[in-house]
Amino acid sequence: MKVMAHRRRTEGDWLVEEERDIPGPGRGEVLVRIEACGVCRTDLHIVEGDLPDMVPGIVPGHEVVGAVEQVGKGVSHFARGDRAGIMWLHGTCGRCQYCLSGRENLCRSKEFTGYTVDGGYAQFALAREGFLLPISHSMGAVEAAPLLCSGIIGYRALKMAMPPPGGRLGIFGFGGSAHLTLQAASGIGLDVGVVSRGDAHLDLAKRLGASEVWKSGPKAWKELAGRFDTAIVFAPAGEVVSLALESVKPGGRVAVPAVHLDRVPEMSYREHLFREKSLFSVEANTRADAHEFLALASRLGIRSETESIPLAQANEGLRRLKHGKVNGAEVLTVT
Ligand SMILES: [Zn+2]
Ligand SMILES: [Zn+2]
């Protein structure tokens, strides 16, 4: 099978096309024939070496949609031909204090698709049965792929930063995850404001249900002070964290669903945290988050806006994401 493997740190040349054997599924594992794989910002952090403990030659990609090709011993919930999705959380130990308390996303020995085990920038990938998601035939593979990380993790951030009913949510940065989270938030009746640097992003935000949009800049920061009940920071920039804290009312919460962020500037306790404001990160997601979000997406008709390119052009896809050229989500198509 063809894979795009991580071999270099030079921009635009991170991945190399390689030919590998198709892996056989072990006990409890499922082999998926890939149709589409989303390009997530985490993939960019992986190829640029921002994350610790990188595996040489790893195949990135964790928004994988395809058809079950083969199942290993003991697999009972999936059969050849079923439509399935592979997400970022690849496996957990099932025994640690986090796994036993509904917080498996924090498991001490978790595995991640496309980071600790090979992922979906390939023609085939393996998943553990318990972490594989059934995907409805009502959506195309390209359209479904971004739901599997961008969608689910944005949903977890929304759940954790939930404003009061009918309250105001601020979304900072508007890429793959934000455009799905906006649809979920406005679909459940929240008033959502979006702040972004890009005009095309703001147009898309308006079209997808944002009640107000602001172009980042000093004028916006002034107007936004104390405006939202809660906020989510999707922009991969530490400086936005303190601006988001200024934008929430007393008691407001700010969620940061980022796997990596550049330096957060020094903050003032009085301006940024006093009056019971809180700041927290969101790490990955649990399986429960995944099932809840996919059900919500189908009920609300959440749709991803995608740009698709062939697997062999994965380097170019990552470069476009790095430079803010993608509006909505980018997806690799696999044949
Ligand atoms: Zn565990
Ligand atoms: Zn992701």
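Residues numbered from 1 in each chain as written. Chains lettered and ligands numbered in written order. Predicted model: local features only at pLDDT ≥ 70, side-chain atom pairs only at ≥ 80, totals over all residues.

Participant: Report on the overall build of the chain, specifying residues and quantitative values.
Facilitator: When helices and strands are tallied, the chain shows 10 helices and 17 strands. By the compact-globule yardstick of 20 Å for 335 residues, the chain fits well, its C-alpha radius of gyration being 19 Å. Seen along its three principal axes, the alpha-carbon backbone of the chain occupies a region of about 55 × 40 × 35 Å. Taken across its 335 residues, the chain has 49% of its residues classed as buried. (Helix = DSSP H or I, 4+ residues; strand = E, 2+ residues; numbered from the N terminus. Rg over C-alpha atoms; globule rule 2.2 N^0.38 Å. Buried ≥ 20, exposed ≤ 12 C-beta atoms within 10 Å, placed from the backbone.)

Participant: Describe the sheet that holds strand β11 (residues 191-196), naming the residues involved and giving the relevant values.
Facilitator: With respect to topology, 6 strands assemble into an open sheet ordered β12-β11-β10-β13-β14-β15, the strand pairing being parallel. Taken across any chain shown, the strands that pair with only one partner, and hence form the sheet edges, are β12 (212-215) and β15 (278-281). The mean angle between the axes of side-by-side strands here comes to 20 degrees, regardless of whether they run parallel or antiparallel. Each of β10 (168-172), β13 (228-233), β14 (248-256) and β15 is contacted by helix α7 (residues 238-247), which is oriented at about 150 degrees to β14, the strand it contacts most. (Pairing = 2+ DSSP bridges. Axes fitted to C-alpha atoms, helices over the stretch in contact; angles between N-to-C directions. Contact = placed C-beta atoms within 7 Å.)

Participant: Tell me about the domain arrangement of the chain, and please be specific about residues and values.
Facilitator: If you check the domain split of the chain, you get domain 1 (2-149 + 284-333) and domain 2 (152-281). One C-alpha centre belongs to domain 1, the other to domain 2, and the line joining them spans 26 Å. Contact with domain 1, which involves 26 residues of that partner, is made by 18 residues of domain 2. Sorting the residues of the side of domain 1 that touches domain 2 by element identifies α1 (41-47) and α9 (287-300) as the ones contributing at least two each. Among the elements that line the side of domain 1 that touches domain 2, the one with the most residues is α9, at 5 residues. Of the residues contributing to the side of domain 1 that touches domain 2, the split by class is 15 nonpolar, 7 polar and 4 charged. (Domains from an automatic or database assignment. Nonpolar A, V, L, I, M, F, W, Y, C, P; charged D, E, K, R; others polar.)

Participant: Hey, could you go over unusual backbone geometry for me, with residue numbers and the actual values?
Facilitator: Phi at E276 takes a positive value of approximately 55 degrees, unusual for a residue other than glycine. The class of E276 is exposed, set by 9 C-beta atoms lying within 10 Å. The phi dihedral of A284 is positive, around 50 degrees, even though this residue is not glycine. Tracing the sequence through the fold places A284 in the loop between β15 and α9. When the 22 C-beta atoms within 10 Å are taken as the criterion, A284 is described as buried.

Participant: Quick rundown of the packing of helix α3 (residues 150-160) against helix α4 (residues 176-187)? Include the residues and the values.
Facilitator: In contact at an axis separation of 8 Å, α3 and α4 are set at 55 degrees when each is read in the N-to-C sense. Put simply, α3 runs oblique to α4. Classified by chirality, the crossing of α4 by α3 is right-handed. Judged by residue contacts, S150, G151, I153, G154, Y155, A157 and L158 of α3 engage G176, S177, A178, L180, T181, A184 and A185 from α4. (Parallel < 35°, antiparallel > 145°, perpendicular 65-115°, else oblique. Left-handed = near helix turned anticlockwise from the far one by under 90°.)

Participant: Before we move on, can you summarise the pairing of β13 with the specific residues and values?
Facilitator: Every regular strand shows the same layout, with side chains that alternate between the two sheet faces. For β13, a buried count of 6 out of 6 residues is recorded, marking the element as mostly surrounded by other parts of the structure. Where β10 lies against β13, 4 bridges are found, and the strand directions are parallel. Bridged to G170 within β13 is A231. Two strands pair when backbone bridges link them, and β13 and β14 are joined in this way by 4 bridges, in the parallel orientation. Bridge pairing links A231 to V254 in β14. Viewed along the sheet, the connection from β13 through α7 into β14 turns out right-handed. (Right-handed = clockwise from strand over helix to strand, strands pointing away.)

Participant: Any details on α3? Residues and values, ideally.
Facilitator: What sets the pattern is the α-helix's 3.6 residues per turn: residues three or four places apart point alike. Along α3, 9 of the 11 residues are buried, which leaves the element largely enclosed by surrounding structure. Buried within α3 are the following residues: S150, G151, I152, I153, G154, Y155, R156, A157 and L158. Of the surrounding secondary structure, the elements contacted by the buried residues of α3 are β3 (29-39), α4, β13, β14, α9 and β17 (329-333).

Participant: Break down the packing of α3 against α9 for me, with residues and values.
Facilitator: Where α3 contacts α9, the axes come no closer than 9 Å and their chain directions differ by 100 degrees. In terms of their interaxial angle, α3 and α9 are classed as roughly perpendicular. Of the residues in α9, those in contact with G151, I152, Y155 and R156 of α3 are D289, A290, F293, L296 and A297. Class assignment of the residues belonging to the contact of α3 with α9 gives a composition of 6 nonpolar, 1 polar and 2 charged.

Participant: I'd like a rundown of the nonpolar core, residues and numbers included.
Facilitator: Ranked by size, the top nonpolar core spans 101 residues in total, and within it V32 and V233 carry the most contacts. Of the residues forming this core, the biggest block, 7 residues, is contributed by β3. When residues are assigned to domains, this core turns out to be shared by domain 1 (2-149 + 284-333) and domain 2 (152-281), each giving three or more. Setting aside residues up to four positions removed in sequence, V233 forms contacts with F172, G173, V240, V241, A244, V254 and V256. (Core = buried A, V, L, I, M, F, W, Y, C linked by C-beta atoms within 7 Å.)

Participant: So, the pairing of strand β16 (residues 306-310): which residues are in play, and what are the values?
Facilitator: As paired strands, β16 and β17 are joined by 5 bridges and run parallel to one another. Note that in β17 the partner of T306 across the bridge is A329. Crossover β16 to β17 through helix α10 (residues 314-322) is right-handed.

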